[in-house]
Structure formats: C-alpha cells, structure tokens
Amino acid sequence: MLAADRRRIILEAATAHGSVRVIDLAAELGVSEMTIRRDLDRLADAGELAKVHGGAVLPGAGTGRGVEPRSAQKAVRDTAEKRAIAAAAAGLVDDGMTVAVGAGTTTLELARLLRGRRVAVVTNSISIFHVLTDPDDTGADPTGAADVQLTGGQRTPSDALVGPVANAMLERVRCDLAFLGCHGIDPSAGFTSPNIGEAETNRRLIGSTRSTVLLADHTKYGEIGAHLFARFVDVDALIADDGLGRTAREALSAAVPLTIAAGGVS
C-alpha cells in the first residue's frame, strides 16, 4: 500500500472516530508502529491531525508538546499495562527502603502495591499520598508503612506538586530508589515532560536517589514533550509493557536496561 493511501485511511478513521491509536492502525494496515508514527508526523505537519499519547486526534481536540493532559484523563488509559508495569516495579522494592515516587498514573498503580509495606515513601503527588495514607482508600491497611512524606509546591494538571517549595524539600532527602513516569520517550530526545515545573522537580527526584527507574507504557515511545528531565544515561532501568514493538525494544535496550512487564496487553 502506498504511503498516501495509508494516510488517507488514517485521516478517514480519525474523522470517523475523533481519534486513532498507533497500535490499532499498525495491526489494521499491516505495517510497523514506527511507520504509522511517521505517517502521523506527516499528517501533523500538514495540520490535518494533532499527535497525542499513542496516536492522534483531529486538530484542536488533543494536546501538544507544551500541554499536559489532566490526571483524570490519563488514569483511564491503558490501565492493564500500567498495572503490569507497577507489579514489576514493586518487585524491586525491599522492606526498609526509602523510595521516591513521582507523580503519574503508572506510579499511582505502584503506590497501591506499596500500601502496608514497611517502606518510607517520598512523593510529590497528592494522589499517591492519599493512596498511601488514607485508611478509607481501597487496598491494604497502610499503617505498616514507616513514613510517607509529601512535598509542598504548586499543583500541575497531572496532580504533581512542583516549583521551589517541592524542589527545596527534595534537595534534603536521600532515597534508595526513585520511580518516575514520563510524558514521552524518544531514543534521541530522552525522557520528557510537557510541563517545565514537573521536568525540574523530576530532575530533583533523580538527584535525591541512588537509583532511578522509569515506568512507561508503550504509548509513550516516540512521544516528545517540550522539556527534557532525563537522558538515558541518567536512568538505571526502564520498565515497559509488552505492547512495546520489537523495533522500539531494540532501540531502548541499546540505551538502558529494559524490563518488559508481561500480561499488560489484552
């Protein structure tokens, strides 16, 4: 099939449904996800579509590099994948550790698995703090946790606390492990966020720990936010789900230790 025909089909699908997903288009058209991403790039450059996490929407309906989707919007996306990633991440945590957990919907799933564990947690996420400390929240009894510290700061659309207050607090803590999410992963651009404050606070989280693990579902691959917070050399491990394509796995494995959390894709 000619590239022009693929792009016509993609545009027709977006017009009919309001949005398209890379993984669905690749399966339907019998091409790689990278081919679909290049098609979406061309359509976005022409102003016919706007790229979002894992796909594209009609212009005006999505978010750009400088706009962060709200946490409630992201929480309903790819939940099985996020839970699989969180389960793999929880296996890295030993009792007695001090763990930094950055804001995000995948890290929120990790927090649910840390309830009741004998670990100390530092977080800049109101949602994660709630999950770990509220006895009325669903899950295990949280009273076994050694300590949970919430940074202050300004709240972003993704429910992260950022800015000078958050950064000053993080400069004074030392953690064994940090778990961070991200808006996008690109082999050239690194790990990025659309929010400049969140990118800076993520850098402080990385600086507070001996080891950093990025948690990202397959839709983040190939996305680039406006603000870099980590290059591959700054990260000790990456956990993704088994929806990540072969080409993406090879590219990422060459840059960072990669773990694929099985069981995420239904």
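Each remark here, short or long, concerns the structure printed above.
An account of the accompanying structure is given in this report. (Residues numbered from 1 in each chain as written. Predicted model: local features only at pLDDT ≥ 70, side-chain atom pairs only at ≥ 80, totals over all residues. Heavy atoms only, no water.)

## Topic: the overall build of the protein
No. 1: Scanning the protein from N- to C-terminus turns up 10 helices and 15 strands.
No. 2: The burial tally for the protein puts 50% of its 266 residues in the buried class.
No. 3: Counted over contacts in the protein with a minimum sequence separation of 6, partners at least 24 positions apart contribute 63%.
No. 4: Roughly 11700 Å² of accessible area belongs to the protein as shown, and the carbon and sulfur atoms make up 51% of that amount. (Helix = DSSP H or I, 4+ residues; strand = E, 2+ residues; numbered from the N terminus. Buried < 20%, exposed > 50% of the residue type's maximum accessible area, 1.4 Å probe, protein only. Contact = heavy atoms within 4.5 Å. Areas by Shrake-Rupley, 256 points an atom, 1.4 Å probe, with all protein chains shown as cover.)

## Structural notes on the nonpolar core
No. 1: Counting 27 residues, the largest nonpolar core has Cys-182, Ile-185, Phe-191, Leu-214, Phe-229, Leu-238 and Leu-252 as its most contacted members.
No. 2: When contributions to this core are tallied by element, the ones reaching two or more residues are helix H8 (164-170), strand S9 (175-180), helix H9 (196-207), strand S13 (227-230), strand S14 (237-241) and helix H10 (246-253).
No. 3: Of all hydrophobic cores here, the second largest spans 26 residues; its members include Leu-110, Val-148, Ala-237 and Ala-261. (Core = buried A, V, L, I, M, F, W, Y, C linked by side-chain atoms within 4.5 Å.)

## What about the side chain of Asp-39?
No. 1: Structurally, Asp-39 is set in helix H3 (residues 33-45).
No. 2: Accessibility expressed as a relative area gives 1% for Asp-39, which makes it buried.
No. 3: Apart from the residues within four sequence positions on either side, Asp-39 is in contact with Arg-6, Arg-7 and Ile-10.

## Focus: the sheet that holds strand S3 (residues 55-57)
No. 1: Strand order in the open sheet made by the 3 strands is S1-S3-S2, with antiparallel pairing throughout. Looking at the sheet topology across the chains shown, the edges are occupied by strand S1 (19-21) and strand S2 (50-52). Averaged over all pairs of adjacent strands, the angle between their axes in this sheet comes to 25°, without regard to strand direction.
No. 2: Bridging between S1 and S3 involves 3 bridges; their strand directions are antiparallel. Paired with Val-20 across the strands is Ala-56, a residue of S3. (Pairing = 2+ DSSP bridges. Axes fitted to C-alpha atoms, helices over the stretch in contact; angles between N-to-C directions.)

## Here's the deal with the pairing of strand S11 (residues 190-193)
No. 1: Bridge count between strand S10 (residues 184-186) and S11: 3 bridges; the pairing is antiparallel. Within S11, the residue paired with Asp-186 across the bridge is Gly-190.
No. 2: Of the pairings in the sheet, the one linking S11 to S13 comprises 3 bridges and is antiparallel in character. Each bridged residue has a counterpart across the sheet, and for Thr-192 the counterpart in S13 is Leu-228.

## Digging into helix H6 (residues 105-114)
No. 1: Among the 10 residues that make up H6, 8 are buried, leaving the element largely enclosed by the rest of the structure.
No. 2: Remark: Gly-116 follows H6 within two positions and exhibits a positive phi of approximately 85°.

## Focus: the sheet that holds S13
The strands that make up a sheet pair up through hydrogen bonds in the backbone, lying either parallel or antiparallel.
No. 1: Across the sheet, which stays open at both edges, the 3 strands sit in the order S10-S11-S13 with antiparallel pairing between neighbours. Looking at the sheet topology across the chains shown, the edges are occupied by S10 and S13. Pairs of neighbouring strands in the sheet enclose a mean axial angle of 40°, with direction left out of account.
No. 2: Strands S11 and S13 of the sheet are contacted by H9, whose axis makes an angle of about 10° with S13.

## Re the packing of aromatic side chains
No. 1: A complete count under the given rule lists 1 aromatic pair for this structure.
No. 2: Arranged with centres 4.9 Å apart and planes meeting at 55°, the rings of Phe-191 and Phe-232 form a pair that is tilted. Of this pair, Phe-191 sits in strand S11 while Phe-232 sits in the loop between S13 and S14, placing them 41 residues apart in sequence. Of the two residues, Phe-191 and Phe-232, both sit in the buried class. (Phe/Tyr/Trp six-rings, centres within 6.5 Å; stacked < 30°, edge-to-face > 60°.)

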